[in-house]
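Close look at the chain arrangement
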Amino acid sequence: MMNQCTEIRKVPNFSLKTPVFDQYLICGCNNKTWPLSKAKPQQELNLKKNNNNNQTFKTSLKISAAFVAGLAFMHIGSSHFNAPQIQNIQTVQSQAPQIVKQARELPLANADKSKTASMVQNNLTVPPNQVGSYLAARSAQTHNDWDNAFRFYNRAHTLNKFHDLADNILTERAFLTALISGNSDQAEKLATQITEQGGGELALIVGAVADIKKGDFAAAHATLKDINTNAFGGFAVPMLQAWAAAANQDKVAALNSLAASDFSQDTAYIFQKALILDFMGDAQADKSYRAALKKGVDLRETLLAANYFERAGDHDMARQIYTLINTREPGNVYTQNALARLENGDVPAKEINSPIEGFGYTLFTMSRLLAEKKAYDSSLIYARIAEDLGYEGEELDILMGNLQLHYKDYKRALSYYDNVQSGDLLYKTAQLQKLRTWKAANDTASALTLLEEWQKNDHYKIEALMHKGDLYSQQKDFSMAFQAYDHAIQTLNSDDSPTDWRLFYARGIMHDQLGNWDAAEQDFL
């Protein structure tokens, strides 16, 4: 089969996770791909929606043409790089070589201009060069240090004098790391360069977002139409195109964009149809919301539907949703306020009230789905674009916090979780994630402080004590763990029966660790 191919070349897989990209063979005659280590075709990324009916969908996130150009430039011996010429060597009495100081070709980036850098400045013997900048970027990337990865990729791109294949790929690297690190202004500039070079579907999305921020929805729609959805963005782009049409009050074009997609019957598409119809004031939104709920949606989408039913006057449906959520998490401030609002007859504001919010929600949805499939780099890219567009909310804060936690950036993770306030629906989730972050950072004192505060809330007291017992148990402090579990058991009432076995079992383990075997046996029975 391979000898029938007219073109075979090595290309990188779309990932920024590892210092060495996965290698693939491309067959030029049919554009199929095979990993070098396998004989079977590369599987497209399948995104499986975690909902009640296990609705599935898949999308191919293939790399853009400019980025699929090869890795030959990465080899140090490549002629694409501007290696500095060997300088004359001077020697002192010890005969140790010393490189002659030269004037620097380019100033260091702003991040270099610190007090410590001034000491390095006077002793800098080698000017910044493309190879060194590239290797520094790869090292930073390996450690998920996206700020410095962008800084050095961008410098390597700036230092290139040939503007050839290597420069194109360096531009792509700088662009992707600019997105991940949140340098949106730089990402937009690099996106413009990439599109001018004739490639980059992701760059086109960033260009469309730039148009949207300026309120030019017609330009955004035209840009999105240039994207070949068979190669990239087959799932996300039609939804973005639909919102661009809706912004121009073209309902027919908006619905046609959704209907023409291979994923038109997916839950996410049905829900997007409901949001667009709701935004345009079409009563058919009711039918689409109910169809999506029947298939199964996540918590955020359920609340958006409840918001619609409240505004549409179907208070029974809205009350049913809020009551169900409140039953699963008693004392949640958000649902209690919603139920009180229903009793008072107050009408809430529309949640998705503009095309920009629709765009942001679509990008957030893609980020969430990619995170569920552990495609964290891609997830962070979409989340950053949503942030840049001005989309905000507790669900995005928690997603961003989770991504930062994955990259072990605990300080940034906590800053996102702190954005979720006590009156928000996902406040408890944010607190649990803060606890996970403190544990991951091995900061037991901060974790215990959080649990002590949480314990003051009667609705969360037992759960806080359970977590406290778990934390002490992990620290091998079995006496304190026993006290926490025992306190939780003493707090139980008849409504807490589902948690009884967990607490008695945990306390029994602590009895066993402390040598109280008769008491342990009683807890295990």
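1. Some details on the overall build of the protein
The helix and strand inventory of the protein stands at 24 helices and seven strands. Within the protein, the proportion of its 525 residues that are buried is 48%. When the accessible surface of the protein is split by element, carbon and sulfur atoms take 50% of a total near 26200 Å².

2. Describing unusual backbone geometry
We note that Asn442 has phi near 55°; this positive angle belongs to a residue other than glycine. Relative to the helices and strands, Asn442 resides in the loop between α19 (427-440) and α20 (444-455). Residues other than glycine seldom take positive phi values, yet Lys476 does so here, at roughly 65°. Relative to the helices and strands, Lys476 resides in the loop between α21 (461-474) and α22 (478-491). A relative accessible area of 62% places Lys476 in the exposed class.

3. A few points about the confidence of the model for the protein
Summary statistics for the protein give a mean pLDDT of 77 and a share of 73% for residues scoring 70 or more. Across the protein, element-level confidence peaks in helix α18 (residues 410-417) with a mean pLDDT of 96 and bottoms out in strand β2 (residues 23-27) with 30. Considering only residues more than four positions removed or in separate chains, one finds that residues 1-115, a stretch of pLDDT under 50, has 228 contacts.

4. Focus on helix α10 (residues 267-279)
Between its first and last C-alpha atoms α10 spans 18 Å; for 13 residues at 1.5 Å apiece the expected length is 18 Å, and the two agree. Burial analysis of α10 places twelve of its 13 residues in the buried class, the great majority of the element. Every buried residue belonging to α10 is among Thr267, Ala268, Tyr269, Ile270, Phe271, Gln272, Ala274, Leu275, Ile276, Leu277, Asp278 and Phe279, and all of these are buried. Those residues of α10 that are buried lie in contact with α8 (236-247), α9 (251-259), α11 (285-295), α12 (299-312) and α15 (355-372). Near the N-terminus of α10, the side chain that reaches the backbone nitrogen of Ala268, with its oxygen 2.9 Å away, is that of Asp266. Looking one or two places after α10, you find Gly281, whose phi comes out positive at around 75°.

The rules behind these values
- Residues numbered from 1 in each chain as written.
- Predicted model: local features only at pLDDT ≥ 70, side-chain atom pairs only at ≥ 80, totals over all residues.
- Heavy atoms only, no water.
- Helix = DSSP H or I, 4+ residues; strand = E, 2+ residues; numbered from the N terminus.
- Buried < 20%, exposed > 50% of the residue type's maximum accessible area, 1.4 Å probe, protein only.
- Areas by Shrake-Rupley, 256 points an atom, 1.4 Å probe, with all protein chains shown as cover.
- pLDDT = per-residue confidence, 0-100.
- Contact = heavy atoms within 4.5 Å.
- Expected span 1.5 Å × (residues − 1).
- Polar contact = N/O pair within 3.5 Å; in protein donor to acceptor, adjacent residues only side chain to side chain.

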